[in-house]
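Letter by letter, the chains look like this.
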Amino acid sequence: MNIAREYRAIEAALNIYREQLDVIPDEIFSETPADGSWSFSEVYSHIMKASLGSLIAMERCSNSNCPPTNKGLSLQGHFVLTFGCFPPVGIKAPAGTEGNKITEEEARNLLIKFRQRIEKVMPMVANSPAKVRYAHPNLGMLNAREWFKFTRIHLEHHLKQLERIKKKFHLRK
């Protein structure tokens, strides 16, 4: 895995998240679609909460601040990291990462906070020990590099969700 390439992909995804905040009308940002799925607000809340949590896991792995383990990835973890996407089945967000309704300003601030932190964490990830792992609720035990790649995959996954929500509100791309 190329850390610099993953970082560029993360930055590209974050740019799209930022741009979308200017496109999504204020009056529907927190509105729940008719089918009861997540609002834009809840997606932003979830993706930023999960991404900031992933940064903590990366830092722990990079600093060897994890309980020792011989465990590795789960089957789902192998799938996600090998194919670079989530399986085409519904996956429930792990407990504690569900989306809460936040404002657009809060979403912007969380994006800024995440960008600042990932810039500091990236060099640590590049030099992190491969055998030091921290648990992901669904994917098993990930090392810092795997957490970094997961973060990119997860960000890209939810960009697709934003597009689906836009269609529900009949918004153009």
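Basis of the calculations
Residues numbered from 1 in each chain as written. Predicted model: local features only at pLDDT ≥ 70, side-chain atom pairs only at ≥ 80, totals over all residues. Heavy atoms only, no water. Axes fitted to C-alpha atoms, helices over the stretch in contact; angles between N-to-C directions. Helix = DSSP H or I, 4+ residues; strand = E, 2+ residues; numbered from the N terminus. Parallel < 35°, antiparallel > 145°, perpendicular 65-115°, else oblique. Left-handed = near helix turned anticlockwise from the far one by under 90°. Contact = heavy atoms within 4.5 Å. Salt bridge = Lys/Arg side-chain N within 4 Å of Asp/Glu carboxyl O. Buried < 20%, exposed > 50% of the residue type's maximum accessible area, 1.4 Å probe, protein only. pLDDT = per-residue confidence, 0-100. Phe/Tyr/Trp six-rings, centres within 6.5 Å; stacked < 30°, edge-to-face > 60°. Expected span 1.5 Å × (residues − 1). Polar contact = N/O pair within 3.5 Å; in protein donor to acceptor, adjacent residues only side chain to side chain.

1. Description of the packing of helix 2 (residues 40–62) against helix 4 (residues 104–126)
One way to put it is that helix 2 packs onto helix 4 with a least axis distance of 10 Å and a crossing angle of 20°. With respect to each other, helix 2 and helix 4 are oriented roughly parallel. Note on packing geometry: the crossing formed by helix 2 with helix 4 is left-handed. Contacts between helix 2 and helix 4 involve Tyr44, Met48, Ser51, Leu52, Leu55, Ile56, Met58, Glu59 and Ser62 from the former and Ala107, Leu110, Leu111, Lys113, Phe114, Arg117, Ile118, Val121, Met124 and Val125 from the latter.

2. A closer look at the pattern of salt bridges
With the rule as written, the count across this model stands at 9 salt bridges. Residues Asp22 and Arg108 are paired through a salt bridge, measuring 3.4 Å at the closest nitrogen-oxygen approach. A residue pair is termed long-range when its members are at least 10 positions apart, and Asp22 in helix 1 (residues 3–23) and Arg108 in helix 4 qualify at 86 residues. For Asp22, a relative accessible area of 54% corresponds to the exposed category. When the shortest N-O distance is used, the salt bridge between Glu163 and Lys166 registers 3.4 Å. On the criterion of helical spacing, the pair formed by Glu163 and Lys166 is a turn pair, its members being 3 residues apart in helix 5 (residues 144–168). We classify Lys166 as buried; its relative accessible area is 1%. Among the charged side chains, a network of salt bridges with common partners joins Arg18, Asp22, Glu104 and Arg108.

3. A look at the confidence of the model for the chain
When pLDDT is averaged across the chain, the result is 91; 95% of the residues are at 70 or more. When mean pLDDT is compared element by element in the chain, strand 2 (residues 140–143) scores highest at 96, while helix 3 (residues 75–83) scores lowest at 94.

4. Examining the packing of aromatic side chains
On inspection of all chains with the given rule, the structure shows 6 aromatic pairs. Ring geometry for Tyr17 and Tyr44: centres 5.5 Å apart, planes at 85°, overall edge-to-face. Placement of the pair is Tyr17 in helix 1 and Tyr44 in helix 2, with a sequence separation of 27 residues. There is no split in this pair, since Tyr17 and Tyr44 are both buried. Measuring from ring centre to ring centre gives 4.8 Å for Phe79 and Phe83, while their planes differ by 45°; the resulting arrangement is tilted. Here the residue Phe79 and the residue Phe83 both occupy positions in helix 3, the gap between them amounting to 4 residues, near one helical turn. Here Phe79 falls in the partly exposed class, since its relative accessible area comes to 27%. What links up through ring pairs into an aromatic cluster is the set Tyr17, Phe29 and Tyr44.

5. Examining helix 5
Look at helix 5: 36 Å from first C-alpha to last across 25 residues, which is about the 36 Å you get at 1.5 Å a residue. Measuring from the backbone nitrogen of Arg145 back to the side-chain oxygen at the start of helix 5 gives 3.1 Å, which picks out Asn143 as the cap. Immediately beyond the C-terminal end of helix 5, within one or two residues, lies His170, with a positive phi of roughly 60°.

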